[in-house]
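Working through the structure, step by step
Spelled out, the chains give:
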Amino acid sequence: MTAHHDKPLFGTLLTAMVTPFRADGSVDLDSTAALAQRLVDQGCDGLVVGGTTGEYSTMTDDEHEAVFRAVREAVGDRAALVAGAGSNDTAHTMHLSEQAQKAGMDGLLIVTPYYNKPTQAGVVAHFEKVADSVELPIMLYDIPGRTGIPLSADTLIRLGEHPRIVAVKDAKADLTEATRVMAESDLLFYSGDDGLTVPWMAIGAVGLVGVTSHVDTPRFRRMIDAMRSDDLATARGLAYELEPVVRATMTHVPGAVAAKQILHWQGMLPGHTVRLPYVEATQDELAVMRADLEGSVVQDTIGA
């Protein structure tokens with residue numbers, strides 16, 4: 001059933017944007033807009049706004065809406081804008097989704113309800129209720145390491161029958177199960193693991209929703225383009241080059257913390273403030289991040 005996707009609905013390289021905060025913890029809309037513009041200028045054809053990396057769980061609904069509107073105004077129609085609108089409360093998810101739709105977003109990223117641990121039937125009911133309440137296309141976010149429950153293959157195939165549920169961001173890394181879902185549905189898959197983009201695309205994923213792409217957008221763009229052109233050798237070489245950058249960004253502290261810190265080192269963000277329960281990286285953590293980046297192209301942009 002799977003079709004060839006020359007121009008996937010949400011693009012092929014989406015950065016799950018951080019939300020820049022000022023030193024006092026307030027949202028910095030100017031820096032948010034500037035970051036969105038830079039990411040698109042450097043090769044992102046999609047952005048996820050207000051997702052996990054955007055620290056959505058610590059933001060008010062009004063802050064969410066302000067960020068959606070700032071990014072929409074900043075990039076116009078140059079990239080697909082996918083709003084993080086998930087919650088473990090179906091009614092609140094519907095509210096956030098409606099808000100995103102009114103703010104001009106192009107789609108929604110809806111995470112599996114976390115903490116509550118519903119059954120698969122409950123998960124299906126949750127997503128279908130949300131999808132029935134809006135007009136925007138939906139990308140499901142399957143990340144059992146954060147939510148406590150996976151989306152089963154049967155659940156994904158069933159949800160893929162809904163006309164507005166069109167894609168999956170997969171951070172479960174079960175390539176075997178995903179192969180079945182791709183074979184039996186028209187769902188577009190996106191790698192939800194920065195370091196697994198090449199294997200994901202090798203089995204049929206259309207691209208990446210990433211965090212490390214904040215700090216080395218051009219190489220991620222080239223890697224994804226190589227995979228979409230069936231140039232595995234080039235893509236694999238770029239994946240090897242990006243491995244220490246992915247390690248620096250994704251393995252020592254939460255991705256939002258690391259991405260903000262590296263962007264600040266690069267001079268792309270005025271600060272690197274995060275909101276509790278996140279805390280800024282310790283000196284030891286900063287040292288290992290710098291060690292990972294040593295010798296990478298990113299290192300050349302952050303100085304000593």
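All of these numbers come straight from a predicted model, not from anything done at the bench.

Moving on to the UniProt feature "site: Part of a proton relay during catalysis" (unreviewed entry) in the chain. In this structure's numbering, the residues bearing the UniProt feature "site: Part of a proton relay during catalysis" (unreviewed entry) are Thr52 and Tyr115. Secondary-structure assignment places Thr52 in the loop between β2 (46-49) and α2 (61-75). Apart from residues no more than four positions distant in its own chain, Thr52 is found in contact with Tyr141 and Arg146. Position of Tyr115 among the secondary structure elements: in the loop between β4 (107-111) and α4 (120-133). In contact with Tyr115, other than residues within four places in its own chain, are Asn88 and Thr147.

Turning our eyes to something else, we now look at the packing of aromatic side chains. According to the stated counting rule, one finds one aromatic pair in the structure shown. With a centroid separation of 5.9 Å and 20 degrees between ring planes, the pair formed by Phe189 and Trp200 is classed as stacked. Residue Phe189 is located in strand β7 (residues 188-191), and its partner Trp200 is located in helix α8 (residues 197-202); the two are separated by 11 residues in the primary sequence. Both residues of the pair, Phe189 and Trp200, belong to the buried class. Here the guanidinium or amino end of Arg275 rests over the ring plane of Phe21, the centre of that ring lying 4.4 Å away. The ring of Trp265 is capped by Arg290, whose NZ or CZ atom sits 4.1 Å from the centre of that ring.

In this section: the pairing of β7. Going residue by residue along β7, you find Leu188 and Tyr190 tucked away on one face and Phe189 and Ser191 tucked away on the opposite face as well. Assessed by its sense of winding, the connection that carries the chain from strand β6 (residues 165-170) through helix α7 (residues 175-184) to β7 is right-handed. Of the pairings in the sheet, the one linking β7 to strand β8 (residues 207-210) comprises two bridges and is parallel in character. Following the sheet pairing, Tyr190 is matched in β8 by Gly207. After leaving β7, the chain enters α8 and then returns to the sheet as β8, a path that is right-handed.

This part covers the packing of helix α3 (residues 90-102) against α4. Contact geometry for α3 and α4: axes closest at 9 Å, N-to-C directions at 30 degrees. In terms of orientation, α3 lies roughly parallel with respect to α4. Here α3 runs over α4; the crossing is right-handed. Of the residues in α4, those touching α3 at Thr90, Thr93, Met94 and Ser97 are His126, Lys129, Val130 and Ser133. For the contact of α3 with α4, the class distribution of residues is two nonpolar, five polar and one charged.

Calculation notes
- Residues numbered from 1 in each chain as written.
- Predicted model: local features only at pLDDT ≥ 70, side-chain atom pairs only at ≥ 80, totals over all residues.
- Heavy atoms only, no water.
- UniProt positions renumbered as here; feature names shortened; annotations may be inferred.
- Helix = DSSP H or I, 4+ residues; strand = E, 2+ residues; numbered from the N terminus.
- Contact = heavy atoms within 4.5 Å.
- Phe/Tyr/Trp six-rings, centres within 6.5 Å; stacked < 30°, edge-to-face > 60°.
- Buried < 20%, exposed > 50% of the residue type's maximum accessible area, 1.4 Å probe, protein only.
- Lys NZ or Arg CZ within 6 Å of the ring centre and 35° of its normal.
- Right-handed = clockwise from strand over helix to strand, strands pointing away.
- Pairing = 2+ DSSP bridges.
- Axes fitted to C-alpha atoms, helices over the stretch in contact; angles between N-to-C directions.
- Parallel < 35°, antiparallel > 145°, perpendicular 65-115°, else oblique.
- Left-handed = near helix turned anticlockwise from the far one by under 90°.
- Nonpolar A, V, L, I, M, F, W, Y, C, P; charged D, E, K, R; others polar.

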